[in-house]
Amino acid sequence: MNQFEWPDNQPATFICQRKWQETPNCVSVTLVAENQDSETTFDFIPGQFITLGIEVEGKTEYRAYSLSSMPNQSELQLTIKRVVDGKVSNYIVDSLQEGQTVSVLKPAGEFHIEQPHGKRIVLLSAGCGITPVMSMAKTLLSDKTDTTDIHFIHAATELEQVIYHQELLEMAASHKRFHFDVMLENAQGSEYLEGRLTQAALKQFCPDIAERSAFLCGPIGFMAAMQENLSELGMNMDNFYQESFTPAESEQPEVALNLEVTLGSDADKAQAISNATVFVPAFGAQAEAKIGSALIDALEAAKVPVIAACRSGICGSCKCRVVKGAFTRTSTATLTDDEIDNGFVLACSCQVESDVEVALN
Ligand code: FES
């Protein structure tokens, strides 16, 4: 076995080896490293994501996708769902070909199975949020020495949209410590329950749910509802972990070092209230931004080479530094205290509140 050596801070070239339809809205793909030998395997912690770079319409776009496969295998597996306006996801679903090369940044993320948890866990997911928890479940079950009791609860719109359905049924049939339940919005043609995952439904599926450790992944509305349900059911929220690749809400403004805002006439003031300039001296680049808009949009408009993989304040790929100006932040997920004090931000989770000057490092 040769463990694949991920380059630091730069993408490795991978090849799409296989692609298949997982559900009517989803495809799964496997990726192998270019020039890897038959002994090569990939290390990561189940629950982590990779950042994928794909050329779409002549430009390399980066997005983060959770791995659904297990560590130490000779390929990486992802499942990608079609989403409204999902430039990269929809390209993968419609156009990515077997044999095509893509760029991959090394696995990362703090939502993983090595977070402290008890001997009984609940894995809760909706839609494509199933991918990281699937990796966790498969990995725990494949370890003959592990005794974790796993309750896997998944929410989907209808039966044909349940990702990995057959595989999950087989896991439940062959492992006594794996329990699998599904809640469907429309259960026609299935024996699953129909409706929402209310507190009553969660208790019905898993009577001891409040005593378990929870790993939750899905759309942000689903996650907010599940967090509230679990908390109200009495779960110790120290044992609760979640991840969603969805932008968070804005918070109160912060002011970076050396705020300089000079306003002249009333017209200038009105203009300044709604518009700002984002200036990146190192690239001689600048762009206009609406007050309150995401810094990443202005950096991309200014054609500054910044990678934004998750666009949700999780992966850290869009880290940069606001040298001057006012901004708000909705995530500081991968930043150290020192970086936060020195004006580093995640551009996808940073809202422009005045003219700002930005450095990429
Ligand atoms: S793009 Fe991932 S943190 Fe900003």
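Residues numbered from 1 in each chain as written. Predicted model: local features only at pLDDT ≥ 70, side-chain atom pairs only at ≥ 80, totals over all residues. Heavy atoms only, no water.

- As recorded in an unreviewed UniProt entry, the protein goes by the name Hybrid-cluster NAD(P)-dependent oxidoreductase, listed as coming from Vibrio algivorus.
- Taken from UniProt, the Sequence similarities (unreviewed entry) comment for the protein reads in full: "In the N-terminal section; belongs to the FAD-binding oxidoreductase type 6 family." (UniProt positions renumbered as here; feature names shortened; annotations may be inferred.)

1. Describing the packing of helix α2 (residues 130-142) against helix α3 (residues 165-174)
Thinking step 1. One way to put it is that α2 packs onto α3 with a least axis distance of 12 Å and a crossing angle of 30°. Taken together, the axes of α2 and α3 are roughly parallel relative to one another. Crossing hand, α2 versus α3: left-handed. Taken together, the residues of α3 that come into contact with α2 (itself represented by Ile130, Met134, Ala137, Lys138 and Leu141) are Glu167, Leu168 and Met171.
Thinking step 2. Grouping the amino acids of the contact of α2 with α3 by side-chain chemistry returns six nonpolar, no polar and two charged. (Axes fitted to C-alpha atoms, helices over the stretch in contact; angles between N-to-C directions. Helix = DSSP H or I, 4+ residues; strand = E, 2+ residues; numbered from the N terminus. Parallel < 35°, antiparallel > 145°, perpendicular 65-115°, else oblique. Left-handed = near helix turned anticlockwise from the far one by under 90°. Contact = heavy atoms within 4.5 Å. Nonpolar A, V, L, I, M, F, W, Y, C, P; charged D, E, K, R; others polar.)

2. With respect to the domain arrangement of the protein
Thinking step 1. Examined at the domain level, the protein breaks down into domain 1 (2-108), domain 2 (120-243) and domain 3 (254-359).
Thinking step 2. Each of domain 1 and domain 2 has a C-alpha centre, and these two points are 24 Å apart.
Thinking step 3. Each side of the interface is counted separately: domain 1 has 20 residues, and domain 2 has 16 residues.
Thinking step 4. Both sides together, the interface formed by domain 1 and domain 2 hides about 1,300 Å², and carbon and sulfur atoms give 60% of it.
Thinking step 5. Three residues, Pro46, Ser68 and Met70, lead the burial of domain 1 against domain 2; their summed loss comes to 31% of the area buried on that side.
Thinking step 6. Counting every contact that joins domain 1 to domain 2 gives zero salt bridges.
Thinking step 7. Our count for the domain 1 to domain 2 interface comes out at four residue pairs in polar contact (both at pLDDT 80 or more).
Thinking step 8. Those elements that place two or more of their residues in the side of domain 1 that touches domain 2 are β2 (12-23), β3 (26-33) and β7 (76-81).
Thinking step 9. Sort the elements by how many residues they give to the side of domain 1 that touches domain 2 and β7 lands first, with four residues.
Thinking step 10. Residue classes in the side of domain 1 that touches domain 2 are distributed as nine nonpolar, nine polar and two charged. (Domains from an automatic or database assignment. Buried area = accessible area lost by both parts, 1.4 Å probe. Salt bridge = Lys/Arg side-chain N within 4 Å of Asp/Glu carboxyl O. Polar contact = N/O pair within 3.5 Å; in protein donor to acceptor, adjacent residues only side chain to side chain.)

3. Observations regarding the environment of Gln10
Thinking step 1. Here Gln10 is to be found in the loop between β1 (2-3) and β2.
Thinking step 2. Expressed as a C-alpha distance, the spacing of Gln10 and Leu105, which sit 95 residues apart in the sequence, is 6.3 Å.
Thinking step 3. When near neighbours in sequence (up to four residues on either side) are disregarded, Gln10 contacts Val104 and Leu105.

4. Details of the pattern of salt bridges
Thinking step 1. As enumerated under the stated definition, the model contains 15 salt bridges in all.
Thinking step 2. Measuring nitrogen to oxygen at the nearest pair gives 2.9 Å for the salt bridge that ties Asp146 to Arg177. Of this pair, Asp146 sits in the loop between α2 and β10 (149-158) while Arg177 sits in the loop between α3 and β11 (178-186), placing them 31 residues apart in sequence.
Thinking step 3. Residue classification places Asp146 among the buried residues on the basis of a relative accessible area of 16%.
Thinking step 4. Note on Arg177: relative accessible area 15%, which makes it buried.
Thinking step 5. Overlapping salt bridges, with partners in common, bring together Arg120, Asp149, Asp208, Glu211 and Arg212 in one network. (Buried < 20%, exposed > 50% of the residue type's maximum accessible area, 1.4 Å probe, protein only.)

5. Some points on the environment of Val280
Thinking step 1. Assignment of secondary structure puts Val280 in strand β16 (residues 275-280).
Thinking step 2. A C-alpha to C-alpha distance of 5.8 Å links Val280 and Glu357, two positions 77 residues apart in sequence.
Thinking step 3. Ignoring any residue separated from it by four or fewer positions in sequence, one finds Val280 in contact with Ala285, Leu299, Val304 and Val358.

6. Side note on the pairing of strand β14 (residues 240-243)
Thinking step 1. Pairing of strand β13 (residues 213-217) with β14 involves four bridges; the strand directions are parallel. Each residue of the ladder has a partner; that of Phe215, found in β14, is Tyr241.
Thinking step 2. Each parallel crossover has a hand, and for β13 linked through helix α5 (residues 220-232) to β14 it is right-handed. (Pairing = 2+ DSSP bridges. Right-handed = clockwise from strand over helix to strand, strands pointing away.)

7. Description of α3
Thinking step 1. Buried within α3 we find His165, Leu168 and Met171. Considered in projection along α3, the buried side chains sweep an arc of 125° and stay on one side of the axis. Exposed side of α3, more than 90 degrees from the buried face: Ala173 and Ser174 are the residues found there.
Thinking step 2. Next to the buried residues of α3 lie α2, β10 and β11. (Arc of directions from axis to C-beta.)

8. Thoughts on the environment of Met134
Thinking step 1. On the secondary structure map, Met134 appears in helix α2.
Thinking step 2. Using a relative accessible area of 0% as the deciding quantity, one classes Met134 as buried.
Thinking step 3. As a C-alpha pair, Met134 and Ala225 span 91 residues in sequence and 21 Å in three-dimensional space.
Thinking step 4. Dropping the residues within four chain positions of it, Met134 is found in contact with Ser68, Phe152, Tyr164, Glu167, Leu168 and Met171.

9. Quick word on the nonpolar core
Thinking step 1. The biggest cluster of nonpolar side chains holds 29 residues, and the ones touching the most others in it are Val278, Leu295, Ile296, Leu299, Cys318 and Val358.
Thinking step 2. Elements supplying a minimum of two residues to this core: β16, β17 (285-290), α7 (295-301), β18 (319-324), β20 (344-346), β21 (350-352) and β22 (356-359).
Thinking step 3. With four residues, α7 is the largest single contributor of residues to this core.
Thinking step 4. Setting aside residues up to four positions removed in sequence, Val358 forms contacts with Val278, Phe279, Val280, Pro281, Leu295, Leu299, Cys320, Arg321 and Val323.
Thinking step 5. In this structure, Ala137, Ile163, Phe178 and Ala187 belong to the second largest nonpolar core, which totals 28 residues. (Core = buried A, V, L, I, M, F, W, Y, C linked by side-chain atoms within 4.5 Å.)

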